[in-house]
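Fold and geometry: a report
So you can see what is in the structure, the chains are spelled out below.
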Amino acid sequence: MKKRFLQIAATALAIALGGCGGGGSVPSGNNNSNTNSPNTDTNIIDVREIENPRISIAGSSVTWGSGGKIDDDSYPGYVVDALRKNYAVTILPDKLNSNVVPVPYGGTEPYTYGRSLYKFSGKGVELSGTISGKKLYIVLARERDNTHAALVDVYIDNELVKTFSTKNDTPYFRNKQFSAVADGEQRSWDLGSAHTFNHIVRLNGNVNEKGKINDLGYDAKWPVGYDWLIFRKVTGNEVHHFISFQDPPAQGTKIDVAYDSGENIKPVKSTSDNTEKFLGTKIESLYGDRTTKDLTQPLHFEEGVDFRETDDRAVEVVDMGNDTAHSFRLVVKSVDPVAKDSTPELYLNYITNRMFYIQNASIGGFTAKDFLKTTGTTNIDNINAFNPDLVILESATNDDWDDNEWLAWKDVYMSADEVRNKITSAINLQKLQKTGDKYKVGITHINIKSYTSKSVTLDPDATYSNDIKDGDILVIGDFKGDNRRLAVRLISRWDNKTKTAYFNKDLHTEDFVGNVCQIKRIDKWVENVKEFVRRAREYNSNVEIGIITGGMPNMNARRLEGYREKALSFIDDLQAKYIDIYQATYDFTYNREPKKQLFLNANKSVTSTGAKRYTLYLDNGNPLEVMLARNFKVFVDGKQLTIRDFYVDGGLVKTWPQDVGEPLDLYNAKWVVKPSILVFEDGIIPEAGKDIKVFYNDNDDFKWSQDDTHLGTNGYKIYSQTIINTLFK
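Quick caveat: nothing in here was measured; it's all calculated off a predicted structure.

**Describing the overall build of the protein**
Helices and strands together make up the secondary structure of the protein, namely 11 helices and 47 strands. Expected size for 729 residues packed as a compact globule is a radius of gyration near 27 Å; at 29 Å, the protein falls within 12% of this value. With respect to the principal axes defined by its C-alpha atoms, the protein has extents near 85 × 70 × 55 Å. Relative to all contacts within the protein whose residues are 6 or more apart in sequence, the contacts with residues 24 or more apart total 77%. Accessible area of the protein: about 29100 Å², with a carbon and sulfur share of 46%. Here the protein contributes 90 positively and 99 negatively charged side chains, and the mean placements of these two sets differ by 2 Å.

Written out as structure tokens, the structure is:
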């Protein structure tokens, strides 16, 4: 297969996104890396060889954002914005010359670029501007019933070159009918299609007005005062509207539903449509029901039931001739003959000289394996149907829950109180079993007896899997809230007799902190990623692939160290490109000067009492309780300590608070946010009376992710910048 990657000069992007911090480019890797930096092959092509690139960005809730949209609520939206602003001329409607005042609809229409949908009403409306290029792309919306469908003339350099209609050719139905007889158990029924509205529900002939199209958010509960809801659900390989009742109608109840149906076409395609007929009205819920086919069960609005993608039906293409500057003019000529109204209307999102077709192929909770299923609307087949030139797969974040395998542990016996108070996080245990009045605990942090630059020899009394092999992962160090304390290596040889792991990249004292090591395997994830790539290439042998394994994790909440190194070990064999988000988020976090001061008690003390541990307090007198505080600096009498001298305990962990009764096990542990506690290592404990000043990066300004997984504004910028810098050079 010809190996190629889309090439665009990255200078403009660095200017556009430079505010996200961490530098404008991706460094070659920190000392935790098991391999060299990601591959930087030069066998790439200029993006101009692909006139209008089609890019599918697949993944989990990290990619999904706030509903899978392609706007500022997801990092694919930031990718779109960077491409639109830097590698195409993009003109929003309010920047055009116009003989009328446009009506903005953008605030209520999320399936548009920049929330910039505008309505232009009336015969004779003129819009004009100048643009360079061979083609002009007019991106618009089409109303579902064609009441205001318009004919629009397009002039290039004062010459009429095209007339197009804004009519919507998708089926439109009025007063469709659905009927059923309740059996006393079923609560939901399929209406046969998505995009329904204007529902009239009758029970035994009586109209029930206590219902609506579901417009609720993620994991919403049934709204008070409503008897029925219209919601989206996958049936077969399609998304349909269902009607559901809070309580199953009594046996023998006659259910009749009258409704209209038809799809509003917008720049971004989705089965989530307006709750009323017209564009600009409220959008229905971005989430559908995730329950099984058992329609007797209550609803759970947690499922992203389809992908979002640029809709070809919303794009009118006009040939402008040679690749030079052109004047253009759009004139609303008249109503289309199909229109039912005398006022023609044009709903315009933007005009550009270049299209980028983007698919947000993500679903909250998804793994690489989930894309391999052969049913439904959210799999690799739906990605292939988009016919992408480039597919970017983000995974590992959820995969680890099922695909991580511990290969070494040491059994110790603890009381219930010791389990509650001494275990850093339940996710790091191989087992937890009640044995008499004690618990048998499988600790996966194994003591290191000795190490060289190319090996570690481990505790011989621990238990080791019989098939530890080349490619298994060593996570060396004790984390304790700081990824700088860890090093990752892939095993090149395992000596089972001496319990020694050998590796290829040198290990030095400064690479890690803490005399422990974990051994893990993620081969199931590797095989799922490889199968994803195989099926994408089976459909299109020339499709380019980018792989993302996620940002720098909180290792007490997600065990994601090692995915970066494992991906780099097989990425070249896949002829794919690794997108090093780990390194980008690492640099963003630790290349900043922490400025927020913390204190040793609620009275803002900075004086040592001689204690080993201090709960850290904000200047408002409250303890610091966040998912995970990062990048601490500690000074004792003005001298800065190193990360070998102290650590900060706390943050999000999975543990057993006192309200969890015995027996304790790996399944009844709870997620808890513990206060941040400064802990000095033995031999470093400051004497009473010494000055201790503590600084960290405040969450609101310096976190790429509040929970070290899902993205906020900083994370969106980092992900999109790293993708562009890696794939579009």
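**Considering the packing of helix α9 (residues 581-590) against helix α11 (residues 713-727)**
Two numbers describe how α9 lies on α11: the axes approach to 10 Å, and their chain directions differ by 135 degrees. Taken together, the axis directions place α9 and α11 in an arrangement best described as oblique. Read as a crossing pair, α9 and α11 show a hand that is right-handed. Facing I581, A584, T585 and F588 of α9, the residues of α11 in contact are N714, I718, Y719 and T722. Broken down by class, the residue content of the contact of α9 with α11 amounts to 5 nonpolar, 3 polar and no charged.

**As for the packing of helix α3 (residues 75-86) against α11**
For the pair α3 and α11, interaxial distance at closest approach is 8 Å and the crossing angle is 55 degrees. It follows that α3 is oblique to α11 by the angle criterion. In this structure, the crossing between α3 and α11 has a hand that is right-handed. Along the contact surface, α3 presents Y75, Y78, V79 and L83, while α11 presents T713, Y716, K717, Y719, S720, I723 and I724. Its residues placed into classes, the contact of α3 with α11 shows 8 nonpolar, 2 polar and 1 charged.

**Examining the sheet that holds strand β12 (residues 188-190)**
Read from one edge to the other, the open sheet built from 4 strands follows the order β12-β17-β16-β15, with strand pairing classed as mixed. Taken across any chain shown, the strands that pair with only one partner, and hence form the sheet edges, are β12 and β15 (211-213). Put simply, the sheet's adjacent strands are angled 35 degrees from each other on average, direction ignored.

**Describing the packing of aromatic side chains**
Inspection of the entire model under this criterion finds 23 aromatic pairs. The interplanar angle of 80 degrees and the centroid separation of 5.6 Å between the aromatic rings of Y105 and Y347 together place this pair among those described as edge-to-face. Within this pair, whereas Y105 is found in the loop between β6 (103-104) and β7 (118-121), its partner Y347 is found in strand β24 (residues 345-352), the two being separated by 242 residues in sequence. Comparing Y105 with Y347 shows no difference in burial state: the two are buried. With 5.0 Å between their ring centres and 80 degrees between their planes, W525 and Y563 make a pair best called edge-to-face. Within this pair, whereas W525 is found in helix α7 (residues 523-539), its partner Y563 is found in helix α8 (residues 563-570), the two being separated by 38 residues in sequence. There is no split in this pair, since W525 and Y563 are both buried. Among the aromatic side chains, those forming a connected cluster through ring pairs are F307, F366, F371 and F532.

**Here we look at the nonpolar core**
Counting 87 residues, the largest nonpolar core has Y75, I383, I392, W525 and F532 as the members making the most contacts within it. Among all residues touching F532, those that are not within four sequence positions of it are A58, F371, L372, I380, I383, V391 and L393. Among the nonpolar cores identified, the runner-up in size contains 23 residues, and F120, V125, L136 and L140 belong to it.

**Here we look at the environment of I548**
Note on placement: I548 falls in strand β39 (residues 544-548). According to the relative accessible area criterion, I548 is buried, its value standing at 0%. Taking the C-alpha atoms as reference points, I548 and Y719, separated by 171 residues in sequence, lie 9.5 Å from one another. Every residue in contact with I548, bar those within four places of it in the chain, is listed here: Y75, I392, L393, E394, S395, I579, I581, Y719 and I723.

**Some thoughts on the sheet that holds strand β33 (residues 463-464)**
The 4 strands are arranged β29-β30-β28-β33 in an open sheet whose pairing can be described as antiparallel. Two strands lie at the open edges of the sheet, namely β29 (429-435) and β33, each paired on one side alone. Both strand β28 (residues 408-414) and β33 contribute to a ladder of 2 bridges, which runs antiparallel. In the sheet register, A408 faces β33, and the bridge partner there is Y464.

**Let's talk about unusual backbone geometry**
Outside of glycine, negative phi angles account for most residues, and trans bonds account for most peptide bonds. Of note, the bond from E662 into P663 is cis; its omega dihedral lies within 30 degrees of zero at 0 degrees. Within the secondary structure, P663 sits in the loop between β45 (646-655) and β46 (670-680). Positive phi, close to 55 degrees, is recorded for F479, a residue that is not glycine. Examined against the element boundaries, F479 turns out to sit in the loop between β34 (473-476) and β35 (487-490). In this model, Q575 sits at a positive phi of 50 degrees, which is unusual for a non-glycine residue. With respect to the helices and strands, the residue Q575 is situated in the loop between α8 and β40 (577-578).

**What about α3?**
The end-to-end C-alpha distance of α3 is 16 Å, a good match for the 16 Å that 12 residues give at a rise of 1.5 Å each. Across the 12 residues of α3, 9 count as buried, placing the element largely inside the fold. Taken residue by residue, α3 has Y75, P76, G77, Y78, V79, V80, A82, L83 and R84 as its buried positions.

**Brief notes about the pattern of salt bridges**
Should their charged atoms come close, side chains of opposite charge can pair. One pass over the structure, following the stated rule, counts 55 salt bridges. Residue R484 pairs with D482 through a salt bridge whose shortest N-O separation is 2.8 Å. Judged by relative accessible area, D482 falls into the buried class, the value being 11%. R534 is the salt-bridge partner of E538, the closest N and O atoms lying 3.4 Å from each other. Within this pair, E538 and its partner R534 are both found in helix α7, separated by 4 residues, close to a single helical turn.

**Thoughts on the confidence of the model for the protein**
Segments scoring low in pLDDT should not have their predicted coordinates read at a detailed level. Across the protein, the average pLDDT comes to 92, with 93% of residues at 70 or higher. Confidence over residues 1-31 falls short of pLDDT 50; this stretch has 97 contacts with residues more than four positions distant or in other chains. Counting interchain partners and residues more than four positions distant, the pLDDT-below-50 stretch residues 33-47 has 44 contacts.

**As for the environment of W409**
Tracing the chain through its elements places W409 in strand β28. In this structure W409 comes out as buried when scored by relative accessible area, which is 15%. Considered as a pair, W409 and A462 are 53 residues apart in the sequence and their alpha carbons are 5.8 Å apart. Apart from the residues lying within four places of it in its own chain, the contact partners of W409 are Q430, K431, G442, I443, T444, I446, A462 and T463.

**Some thoughts on the environment of I468**
Relative to the elements of secondary structure, I468 occurs in the loop between β33 and β34. Remark: the alpha-carbon pair of I468 and D294, spanning 174 residues in sequence, is separated by 43 Å. Sequence-distant contacts of I468, that is, excluding residues within four places in its chain, are made with L407, I491, W494, I519 and R521.

Calculation rules
- Residues numbered from 1 in each chain as written.
- Predicted model: local features only at pLDDT ≥ 70, side-chain atom pairs only at ≥ 80, totals over all residues.
- Heavy atoms only, no water.
- Helix = DSSP H or I, 4+ residues; strand = E, 2+ residues; numbered from the N terminus.
- Rg over C-alpha atoms; globule rule 2.2 N^0.38 Å.
- Contact = heavy atoms within 4.5 Å.
- Areas by Shrake-Rupley, 256 points an atom, 1.4 Å probe, with all protein chains shown as cover.
- Lys, Arg positive; Asp, Glu negative; His and termini not counted.
- Charge placed at Lys NZ, Arg CZ, Asp CG, Glu CD.
- Axes fitted to C-alpha atoms, helices over the stretch in contact; angles between N-to-C directions.
- Parallel < 35°, antiparallel > 145°, perpendicular 65-115°, else oblique.
- Left-handed = near helix turned anticlockwise from the far one by under 90°.
- Nonpolar A, V, L, I, M, F, W, Y, C, P; charged D, E, K, R; others polar.
- Pairing = 2+ DSSP bridges.
- Phe/Tyr/Trp six-rings, centres within 6.5 Å; stacked < 30°, edge-to-face > 60°.
- Buried < 20%, exposed > 50% of the residue type's maximum accessible area, 1.4 Å probe, protein only.
- Core = buried A, V, L, I, M, F, W, Y, C linked by side-chain atoms within 4.5 Å.
- Expected span 1.5 Å × (residues − 1).
- Salt bridge = Lys/Arg side-chain N within 4 Å of Asp/Glu carboxyl O.
- pLDDT = per-residue confidence, 0-100.

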